[in-house]
Amino acid sequence: MDDGGVTLQAEMLAMGRAAREGAAALRLASADQRTAAISAMADAVRADAAAILAANATDLEQACAAGTLTHMLDRLMLDEVRLEGVAKALETVAAIPDPVGRETERWTRPNGLDIARVRTPIGVIGIIYESRPNVTADAAALCVRAGNAAILRGGSECLASNLAIHAAVAKGLKAAGLPEACVQAVRTADRAAVGMILGGLDGAIDLIIPRGGKSLVARVQQEARAPVLGHLEGLNHVFLHASADPEKAVAVALNAKMRRVSVCGAAETLLVDQAAAERLLPAVARALGDAGCELRGDAAARAIVPMAEASDEDWRTEYLAPVMSVAVVEGVDGAARHIATYGSAHTDAIVAEDAAAAERFVDLVDSAIVLVNASTQFADGGEFGFGAEIGIATDRLHARGPVGAEQLTTFKYVVRGTGQTRP
C-alpha cells in the first residue's frame, strides 16, 4: 500500500474510533438534547443554503460534463425548494417520539422477576449511498434520533453537496453540546474508503446500510464484515385487477410511474388482468404515452395497444427512466406469480374494487410494502410518518420497509428482581 493508502487507512480508523466515542455520548444524551441537535441541524441548513446550493451546482456541472443521464441529474439536483424540504424533513424527525429507552413489552414472572424489553441504540452505523445529497441530512437526523453515531460515505458525484450539508449537521451537533464525531462524513471520493467501511474499521461499525444501485448493494452484501441492512432495487409493479375503476387505474398507474421516475418507489412494470385488459389498458397506455413514457409489452398487451416488444430482460430491469414494461396476466394469482418471478420484494400495488381480490393480492405478494388502490410512490418513510428514511429494507430480518428512527434501534431486556436466585 502506498503512502496515500496508509494515510487514508489511518484516517478511516481514526474516524471509527471517534464514532465509538460519539455513540457513547449519544447513548447517554437525553431525548431533549438529541431533539435540540436535529432542530439545530435544520436551522444550519437554512443558514448555509447559499453554500450548499453552490456546492451542488459544482456537482451538477461535473456530472453534466461526465455525460450523466437526465434522470440521474434529477436525483442529484438541489434548489431552494428541495433544500427547504431537507430542512423541513429534519424538523419532522426532531418532532417524532424518541425511540430510545421505550419499553415495548413488560411482564412479571411467577418468581417475581420483572422483565422489560427496552429499545436501545445499535451503536455505529456506516451508510454508503449514491446520488442523493438529501440522504446526508436524513441519515444524520435519523441516526441521532435513534442514539446512533454515523459514518456517511456518499457518492463521488455529489461529494461537494454532501460535505456542505454535513457541515450544517456538525453545526447542529455542536450547538446542542454533542460531539461532532457523532456524525462523520468521508471527505474523499477514493473508493478504497468504501472497502475500509465494509471491513468494519477494526470492529468500530455495528451495522452497514447501502443505499444505491444493484451493483453497490451486491458489493456490500458480498464484502461486508459487519451486519448489513439490505436495500435491493425497486423493481415495483402495479396490477390492474378486472374490478379496477378505470379512472382510478389511470391515476394510480400514471403517478406510480411518472411522478418521479428516478426514485426507488417508481413502478417499472404494469400488470393488467386478462379479463379486463381490453377495457383498462388503452386509457392507461394513452395517459402514460402522453406523459412521455415508452411502453414495452408482451404479445397480449401489444395485441391491444401498439408498443415495443418486451424482452425477458425488461421484466428484470429497474429503469429509473420513463420506460415501463406491460404484461397481461390471469387474475390475482397470475399477477402474484409474475411478481414472485421478477420482482425485488420492494413495493407492489393492486388497483381493485373487489375487496376479496385485493386481500388475496396482499396475502400472496410477499413484498416489504403492498398497497391497495394507491401509488407505489408512497414507498417513502416521510409518507409513512417516519419523518425521513434511510432506505426501504427488502430483507426479512431486523427491519423491513421504510427504515426510520425506530428501525435503527435494537433492544435489550432489563430484568429487575428482589434477590431471587435460581434453584
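Everything below is about the structure shown above.
Residue positions within a chain follow its written sequence, with the count starting from 1. It should be noted that, the model being predicted, local features are given only for residues of pLDDT at least 70 and side-chain atom pairs only at 80 or more, the latter also being counted only at that level, while totals for whole chains, interfaces and linings use all residues. Only hydrogens and water are set aside when side-chain values are computed; all heavy atoms of the structure are taken into account.

Participant: I'm lost on the overall build of the protein chain in this one. Help?
Facilitator: Helix and strand assignments come from DSSP, with helices taken as H or I runs of at least 4 residues and strands as E runs of at least 2, each series counted from the N terminus. Broken down by element type, the protein chain carries 15 helices and 16 strands. The quantity called the radius of gyration is restricted to C-alpha atoms. Its globule counterpart is 2.2 Å times the number of residues to the power 0.38. Here the C-alpha radius of gyration of the protein chain, 23 Å, is about what a compact globule of 423 residues would show, namely 22 Å. Reported as C-alpha extents along the three principal axes, the dimensions of the protein chain are approximately 70 × 65 × 40 Å. Split into buried and exposed, the 423 residues of the protein chain put 53% on the buried side. Residue pairs in contact within the protein chain that sit at least 24 positions apart in sequence constitute 73% of those at least 6 positions apart. In this charge count, Lys and Arg are treated as positive and Asp and Glu as negative; neither His nor the chain ends contribute. Lys charges are placed at NZ, Arg charges at CZ, Asp charges at CG and Glu charges at CD. Put simply, the protein chain has 40 plus and 53 minus side-chain charges, and the middle of one group is 6 Å from the middle of the other. Throughout, exposure labels follow a simple rule: accessible area from a 1.4 Å probe, protein chains only, divided by the maximum for the residue type, with under 20% read as buried, over 50% as exposed, and the rest as partly exposed. Whether two residues are in contact is decided by their heavy atoms: any pair within 4.5 Å suffices.

Participant: Is there a simple way to think about the packing of aromatic side chains in this case?
Facilitator: What characterises a pair of aromatic rings is the spacing of the ring centres plus the angle enclosed by the ring planes. Two rings belonging to Phe, Tyr or Trp (six-membered ring only in the last case) form a pair when the distance between their centres is within 6.5 Å. Interplanar angles under 30 degrees mark stacking, angles over 60 mark edge-to-face geometry, and anything in between is tilted. Inspection of the entire model under this criterion finds five aromatic pairs. Note on tryptophan 315 and tyrosine 342: the rings are 6.5 Å apart at their centroids and 45° apart in plane angle, and the pair reads as tilted. Taken together, the positions of tryptophan 315 in helix H13 (residues 312-315) and tyrosine 342 in helix H14 (residues 331-342) put the pair 27 residues apart, joining distant regions of the chain. For tyrosine 342, a relative accessible area of 17% corresponds to the buried category.

Participant: Is there a simple way to explain empty space enclosed by the protein in this structure?
Facilitator: The rolling of a water-molecule-sized probe over the atoms marks out the regions of remaining empty space. A cavity here means a set of 1 Å grid points, computed over protein atoms only, where a 1.4 Å probe fits but cannot escape. A pocket is an open set with protein on both sides within 12 Å along at least 5 of 7 lines, and lining residues have an atom within 4 Å of a point. Grid points are joined across faces, edges and corners, and a volume is the space filled by probe spheres set on the points. Applying the stated criterion to the full structure yields two cavities of 30 Å³ or more. As a volume, the largest cavity reaches approximately 50 Å³. For the largest cavity, the full set of lining residues is Ile209, Pro210, Arg211, Leu229, Gly230, His231, Ile390, Gly391, Ile392, Ala393 and Val403. At the level of secondary structure, the elements contributing two or more residues to the lining of the largest cavity comprise strand S6 (207-211) and strand S14 (392-393). Under the grouping applied here, Gly and all other residues not named as nonpolar or charged are polar, the nonpolar ones being Ala, Val, Leu, Ile, Met, Phe, Trp, Tyr, Cys and Pro and the charged ones Asp, Glu, Lys and Arg. Tallied by class, the residues present in the lining of the largest cavity amount to seven nonpolar, three polar and one charged.

Participant: Quick question: what am I supposed to make of the pattern of salt bridges here?
Facilitator: Pairing of side chains with opposite charge becomes possible as their charged atoms draw close. Put simply, a salt bridge is a Lys or Arg side-chain nitrogen that is within 4 Å of an Asp or Glu carboxyl oxygen. Summed over the entire model, instances satisfying the criterion amount to 22 salt bridges. Two residues, glutamate 406 and arginine 102, come together in a salt bridge whose shortest N-O distance is 3.2 Å. One end of the pair, glutamate 406, is in the loop between strand S15 (401-402) and strand S16 (409-416); the other, arginine 102, is in the loop between helix H5 (80-95) and strand S1 (103-108), and 304 residues separate them in sequence. Of the residues examined, glutamate 406 reaches a relative accessible area of 33% and is grouped as partly exposed. Between aspartate 314 and arginine 296 there is a salt bridge, and its shortest N-O distance comes to 2.9 Å. Here the residue aspartate 314 occupies a position in helix H13, and arginine 296 occupies one in strand S9 (residues 294-297), the gap between them amounting to 18 residues. When its relative accessible area of 7% is taken as the criterion, aspartate 314 is described as buried. Here the residues in one salt-bridge network are Arg34, Asp98 and Arg145, joined through shared partners.

Participant: Could you clarify how one ought to interpret the state of the cysteines in this entry?
Facilitator: Working definition of a disulfide: a covalent bond connecting the sulfur atoms of two cysteines. For this text, the term disulfide refers to a pair of cysteine sulfurs within 2.5 Å. Using the criterion set out here, one finds zero disulfides in the structure. Lacking any disulfide linkage, cysteine 158 is separated from the closest cysteine sulfur, that of cysteine 64, by 14 Å.

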